[in-house]
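Chain residues, written in single-letter form:
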Amino acid sequence: MAAWWEAAVVAVAGTGGSSATVVSICVFTAVLCLCLVAGHLLEENKWVNESITALIIGCIIGAIIFLVSKGKNSHIVRFDEQLFFIYVLPPIIFNAGFQVKKKQFFHNFMTIMSFGVFGVFISVAIVSAGCYWLFPKVGFGNLSAVDYLALGTIFSSTDTVCTLQVINQDETPRLYSLVFGEGVVNDATSVVLFNAIKNLDINKLKGGVVLKVISDFLYLFATSTILGISMGLCTAYVLKALYFGRHSTDREVALMALMAYLSYMLAELLELSGILTVFFCGIVMSHYAWHNVTESSRITTRHIFATLSFIAETFIFLYVGMDALDMDKWKTSEASFKTSIGIFGVVLLVMLLGRAAFVFPISILSNKMSGSSEKTPITFKHQVVIWWAGLMRGAVSIALAYNQFTFSGVTSDPVHATIITSTIIVVFFTTLVFGFLTRPLISAMIPPRRAARTLSRGLSTGSNSPKDDFTLPFLSNEDDASGSGIVLEQAKRSISLLLERPVHTVHIYWRKFDDKFMRPIFGGPRSH
C-alpha cells in the first residue's frame, strides 16, 4: 500500500513513468467520487457546502500522501494557472451564462455592472492603498507599486463558484441574480484589470496612465462581449439553417460545446477576456441556438453543461486543498509567525473595507435611481448579504497570485513566497469560515418563505402591476379613430414610464425588435 501511495506521489510530482501517471489519475478520480458522495450526504447540512467539503477532503488526502511518502516529495499537486484558465474555468462560466435566468439578470443589469465594474475599481484602490500603508507596519514590504496594484486585483476577485453554491436561486431570485451577475462580471473585470496592470511600466508612469488603463479596459470589455455574442449568433444560425437534428442529435450537442470552447480560446488568442466572451456566448446560445435543436438535444445540453461545470467546481477546490500542502513555498517564506498573522489581518481588513465601500453606496444609489416604481428595493438586509457573500476568495485569486509572484508555480523569492502562502491562508479562511456562516446568515437575515415572496415580487412574468403590461404607441401600427388626443396622452404616458423605469422600457423595445428581426434569422419562439 505504501509503495502504491508513493507511486501516486511521484506521478503527481511529474517524475514517474506512465504506470505511475495512471495510478495518480486513478487516485484523483477516486477522490473526486468521494467528494461527490460526501457532498450528497451533507446536502441537508446548513453549515457545509460542496466547496468546503472538497477543500477539506483535498487537504486530508494531501496530508495522507505527504505522510506516506515520509516528506520525500512536497509537491502533492502544483497549482497551474494555465490548467485553471484554459481547461477548468470555461465550462463553469459558460454554464453560468447558459443556465442564467435572463429576465432577472438583465432586469438588474445596471446594478450588476455597477457592482462588477465600478466596485472592482473601488476595491482595488482601497486594497492596494491599504496594503501599501499597513504592510510595513507589520514588518513586511519590499514590494513594487505594480505588485501592490496586483494585490488589489487578487484580493478583489470574489469566488463565484462558492457563492453560487450557498445562495438558493429559487428562494432568493433577485439576491441570487445580483450576487451571480456581480461574481461573473467581477472575475472578468479583475482578470482584465490584472492584465492591464501587469503591462504597466512603472518607470514611465505619467498623468494619462489612468485614462489609458481605463480605455484599454473598456476596449477589452466591449470587444470580448461582442465576440461572445457573435459566436453565439453564428452557432444559432448554423443550427437553424442546416438543421443538424434531422441526421444526428450528437452533432448538435457537439457543435454547441465546441463553439462555446472556441469562443473562449479565440478570445484568449486575441488577448481579450475569455470569461466575458464565453459568458455572453452562453447567454446567446440559450436564447437562440437552444431553440434550434431537437427536444432530446435540449435536455442533453442542459445536463451535460451543468455536469461539466459541477465536476470542474469540485475539481478546483480539491485541487486547491491538495496544493496547499506544497511545503516548498512554505519553507521559502522567511516571514515569522507574527508577521504572517499581521499580513493576514491586514488583507482581511482591507477586503472587508474595500467591499463595504462600494456595496452599500451603490445599493443606495440604485434604490434612488429606481424611484418609487420599483417594488423590490435592495434593503439593508439584502445589502449585508451581498457584502458578506462576496467576501469569499477562491481559485481565481490563487491563479492570479501564482501568475504574478511565481514562475511555473515555483518561486525562490521569500517575499513572493510569503504572498503566495498568505493568499492560500485567505482563501482557506474565507471559504471555510464565511462559507460556514453564509447560509445561516441568509436564513437569519431573510427567512426562506418571506425571501421567496418578497424577492420575486415584481420580477415574475405574472406581475399584476399595470405598468408591467403597458404598450408603447411608438411601435404600434394601429390608427386611432378618435383623434390625436388619446395618442398624445399615450405618448406622454410612455415617455413618463421610460423616464421612470428605463430598464423595463428598454426591455419592451428589445423584445419587439427581437421578435421582428432576430428570431426569424437566428431562431427561438416569438414572445407573446
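Residues numbered from 1 in each chain as written. Predicted model: local features only at pLDDT ≥ 70, side-chain atom pairs only at ≥ 80, totals over all residues. Heavy atoms only, no water.

## Topic: the side chain of E182
Phase 1 of the analysis: Within the fold, E182 resides in helix α9 (residues 173-198).
Phase 2 of the analysis: Of the residues examined, E182 reaches a relative accessible area of 2% and is grouped as buried.
Phase 3 of the analysis: At a separation of 2.8 Å, a polar atom in the side chain of E182 contacts the side chain of R355.
Phase 4 of the analysis: With residues up to four places along the chain from it excluded, the contact list for E182 reads I112, F115, G116, R355, F358 and I386. (Helix = DSSP H or I, 4+ residues; strand = E, 2+ residues; numbered from the N terminus. Buried < 20%, exposed > 50% of the residue type's maximum accessible area, 1.4 Å probe, protein only. Polar contact = N/O pair within 3.5 Å; in protein donor to acceptor, adjacent residues only side chain to side chain. Contact = heavy atoms within 4.5 Å.)

## Some thoughts on the packing of helix α3 (residues 50-68) against helix α18 (residues 414-445)
Phase 1 of the analysis: As a packed pair, α3 and α18 sit with axes 10 Å apart at the nearest point and diverge in direction by 135°. In this view, α3 runs oblique relative to α18, as classed from their interaxial angle. Our pair here, α3 against α18, has a crossing hand that is left-handed. Taking contact as the criterion, the partners of I52, L55, I56 and C59 in α3 are, on α18, F428, T431, L432, G435 and F436. (Axes fitted to C-alpha atoms, helices over the stretch in contact; angles between N-to-C directions. Parallel < 35°, antiparallel > 145°, perpendicular 65-115°, else oblique. Left-handed = near helix turned anticlockwise from the far one by under 90°.)

## Overview of the packing of aromatic side chains
Phase 1 of the analysis: Scanning the entire structure with this criterion turns up 17 aromatic pairs.
Phase 2 of the analysis: When the ring of F344 is compared with that of F429, the centres are 5.1 Å apart and the planes differ by 75°; the resulting orientation is edge-to-face. With F344 in helix α15 (residues 337-370) and F429 in helix α18, the pair connects residues that are 85 residues apart, well separated along the chain.
Phase 3 of the analysis: Between the aromatic rings of F429 and F434, the centroid separation amounts to 5.9 Å while the plane-to-plane angle is 75°, which identifies the pairing as edge-to-face.
Phase 4 of the analysis: Using a relative accessible area of 6% as the deciding quantity, one classes F434 as buried.
Phase 5 of the analysis: Following the ring pairs from residue to residue traces out a cluster consisting of F344, F360, F380, W387, W388, F429 and F434.
Phase 6 of the analysis: Over the face of the ring belonging to W290 we find R298, whose NZ or CZ atom lies 5.3 Å from the ring centre.
Phase 7 of the analysis: The ring of W290 carries the charged tip of R302 above its face, separated from the ring centre by 4.6 Å. (Phe/Tyr/Trp six-rings, centres within 6.5 Å; stacked < 30°, edge-to-face > 60°. Lys NZ or Arg CZ within 6 Å of the ring centre and 35° of its normal.)

## Here we look at unusual backbone geometry
Phase 1 of the analysis: You will see that E271, though not glycine, has its phi angle at about 60°, which is positive.
Phase 2 of the analysis: Residue placement: E271 occurs in the loop between α11 (249-269) and α12 (274-287).

## With respect to the pattern of salt bridges
Phase 1 of the analysis: Summed over all chains, the structure comprises two salt bridges.
Phase 2 of the analysis: R355 is the salt-bridge partner of E182, the closest N and O atoms lying 2.8 Å from each other. Residue E182 is found in helix α9, and its partner R355 is found in helix α15; the two are separated by 173 residues along the sequence.
Phase 3 of the analysis: Between E295 and R298 there is a salt bridge, and its shortest N-O distance comes to 3.6 Å. On the criterion of helical spacing, the pair formed by E295 and R298 is a turn pair, its members being three residues apart in helix α13 (residues 295-323). (Salt bridge = Lys/Arg side-chain N within 4 Å of Asp/Glu carboxyl O.)

## Side note on the environment of L318
Phase 1 of the analysis: The residue L318 is located in helix α13 in this model.
Phase 2 of the analysis: As for L318 and C59, which are separated by 259 residues in sequence, their C-alpha atoms are 7.8 Å apart.
Phase 3 of the analysis: Among all residues touching L318, those that are not within four sequence positions of it are F28, V31, L32, C35, A54, I57 and G58.

## Here we look at α3
Phase 1 of the analysis: In this model, α3 (19 residues) spans 27 Å end to end at C-alpha, consistent with the 27 Å of a helix rising 1.5 Å per residue.
Phase 2 of the analysis: If you check which residues of α3 are buried, you get S51, I52, T53, A54, L55, I57, G58, I61, G62 and I65. (Expected span 1.5 Å × (residues − 1).)

## Some words on the nonpolar core
Phase 1 of the analysis: Within the largest apolar cluster, 128 residues are counted, with the highest numbers of intra-cluster contacts made by F84, F135, L143, L151 and M285.
Phase 2 of the analysis: Here this core gathers at least three residues from each of two domains, domain 1 (1-69) and domain 2 (81-445).
Phase 3 of the analysis: Each residue touching F135, except ones within four places of it in the same chain, is listed here: G130, F140, L143, Y148, L151, I343, V346 and V347.
Phase 4 of the analysis: In terms of nonpolar packing, the next biggest core, distinct from the first, is built from seven residues, V120, V124, I197 and V213 among them. (Core = buried A, V, L, I, M, F, W, Y, C linked by side-chain atoms within 4.5 Å. Domains from an automatic or database assignment.)

## Some remarks on the environment of Y264
Phase 1 of the analysis: Here Y264 shows up in helix α11.
Phase 2 of the analysis: Judged by its relative accessible area of 0%, Y264 is buried.
Phase 3 of the analysis: For the pair Y264 and G228, spaced 36 residues apart in sequence, the C-alpha to C-alpha distance is 8.1 Å.
Phase 4 of the analysis: Not counting the four nearest positions on each side in its chain, Y264 is found in contact with F85, I86, L89, P90, G274, I275 and V278.
Phase 5 of the analysis: A distance of 2.5 Å separates the side chain of Y264 from the backbone oxygen of F85, its partner in a polar contact.

## Brief notes about a nonpolar patch on the surface
Phase 1 of the analysis: A cluster of nonpolar residues, V37, L41 and L42, forms a patch on the protein surface that exposes about 280 Å² of accessible area.
Phase 2 of the analysis: Topologically, L42 is positioned in the loop between α2 (18-41) and α3.
Phase 3 of the analysis: Overall, the relative accessible area of 32% leaves L42 in the partly exposed class. (Patch = residues over 30% accessible without salt bridge, like charges linked within 9 Å, V, L, I, M, F, W, Y side chains within 5 Å. Areas by Shrake-Rupley, 256 points an atom, 1.4 Å probe, with all protein chains shown as cover.)

## Considering the confidence of the model for the chain
Phase 1 of the analysis: Mean pLDDT over the chain stands at 76; residues scoring 70 or higher make up 74%.
Phase 2 of the analysis: Under a pLDDT of 50 for its full length, residues 450-484 has, in the predicted model, 55 contacts with residues more than four places off or in other chains.
Phase 3 of the analysis: For residues 490-500, every residue scores under 50 in pLDDT, and the model assigns this stretch 18 contacts once sequence neighbours within four places are set aside. (pLDDT = per-residue confidence, 0-100.)

## A closer look at the environment of L352
Phase 1 of the analysis: The topology assignment puts L352 in helix α15.
Phase 2 of the analysis: Judged by its relative accessible area of 26%, L352 falls in the partly exposed class.
Phase 3 of the analysis: Apart from residues no more than four positions distant in its own chain, L352 is found in contact with W387 and L391.

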